[in-house]
Amino acid sequence: MGRYKALVSFAGLVTGVKGQTINIEDDAVARDLLRAKYIQAVDNTDQAPTPAKSTRRRKTKTVEG
């Protein structure tokens, strides 16, 4: 298992958003993503993974006048 930073957004067996810190348990998947330059290894400090950003849009109120 390792900690990695997503260099681009991707989805599949593992999903990452650009700039997100993720944990990947499968070494084969991590190796493939490293080779493709989708991720880079991160120091194993006590920093928690970055939560994924929501893609939901906020509802806006329409002002009628």
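Above this text sits the structure in question.
Described in the following lines is the structure provided in the data block. Not measured: the values here are computed from a predicted model. (Residues numbered from 1 in each chain as written. Predicted model: local features only at pLDDT ≥ 70, side-chain atom pairs only at ≥ 80, totals over all residues. Heavy atoms only, no water.)

1. Concerning the overall build of the chain
So, step 1. Looking only at helices and strands, the chain features 1 helix and 3 strands.
So, step 2. Along the chain, helices (α) and strands (β) appear in the sequence β-β-α-β when read from the amino end.
So, step 3. Across the 65 residues of the chain, 23% fall into the buried class.
So, step 4. Here the analysis covers contacts within the chain between residues at least 6 apart in sequence; of these, 46% occur between residues at least 24 apart.
So, step 5. In the structure as shown, the chain presents an accessible area of about 5700 Å², 48% of it carried by carbon and sulfur atoms. (Helix = DSSP H or I, 4+ residues; strand = E, 2+ residues; numbered from the N terminus. Buried < 20%, exposed > 50% of the residue type's maximum accessible area, 1.4 Å probe, protein only. Contact = heavy atoms within 4.5 Å. Areas by Shrake-Rupley, 256 points an atom, 1.4 Å probe, with all protein chains shown as cover.)

2. Examining helix 1 (residues 27–35)
So, step 1. For helix 1, the full list of buried residues reads Val29, Ala30 and Leu33. Projection of helix 1 onto a plane perpendicular to its axis shows the buried side chains occupying an angular sector of 100°, all on one side.
So, step 2. In this structure, the buried residues of helix 1 make contact with strand 1 (2–6), strand 2 (21–24) and strand 3 (39–41).
So, step 3. Its side-chain oxygen at 2.9 Å from the backbone nitrogen of Ala28, Asp26 defines the N-terminal cap of helix 1.
So, step 4. After helix 1 finishes, the residue Lys37 shows a positive phi value of roughly 65°. (Arc of directions from axis to C-beta. Polar contact = N/O pair within 3.5 Å; in protein donor to acceptor, adjacent residues only side chain to side chain.)

3. With respect to a nonpolar patch on the surface
So, step 1. The grouping of Leu7, Val8 and Tyr38 at the surface amounts to a nonpolar patch, some 210 Å² of accessible area in total.
So, step 2. Note that Val8 resides in the loop between strand 1 and strand 2. (Patch = residues over 30% accessible without salt bridge, like charges linked within 9 Å, V, L, I, M, F, W, Y side chains within 5 Å. Salt bridge = Lys/Arg side-chain N within 4 Å of Asp/Glu carboxyl O.)

4. A short note on the sheet that holds strand 1
So, step 1. Strand order in the open sheet formed by 3 strands is 2-1-3, and the pairing between neighbours is antiparallel. Both outer strands of the open sheet, strand 2 and strand 3, are each paired with one neighbouring strand and no more. Between one strand and the next, the sheet's axes are offset by a mean angle of 40°, whatever the strand orientation.
So, step 2. Helix 1 contacts strand 1, strand 2 and strand 3 of the sheet and is inclined by roughly 110° relative to strand 3. (Pairing = 2+ DSSP bridges. Axes fitted to C-alpha atoms, helices over the stretch in contact; angles between N-to-C directions.)

5. Looking at the packing of aromatic side chains
So, step 1. Counting across every chain of the model gives 1 aromatic pair.
So, step 2. Residues Phe10 and Tyr38 carry aromatic rings whose centres are separated by 5.8 Å and whose planes lie at 35° to one another, so their mutual orientation is tilted. Of the two residues, Phe10 is situated in the loop between strand 1 and strand 2 and Tyr38 in the loop between helix 1 and strand 3; the sequence distance between them amounts to 28 residues.
So, step 3. Residue classification places Tyr38 among the partly exposed positions, given a relative accessible area of 34%. (Phe/Tyr/Trp six-rings, centres within 6.5 Å; stacked < 30°, edge-to-face > 60°.)

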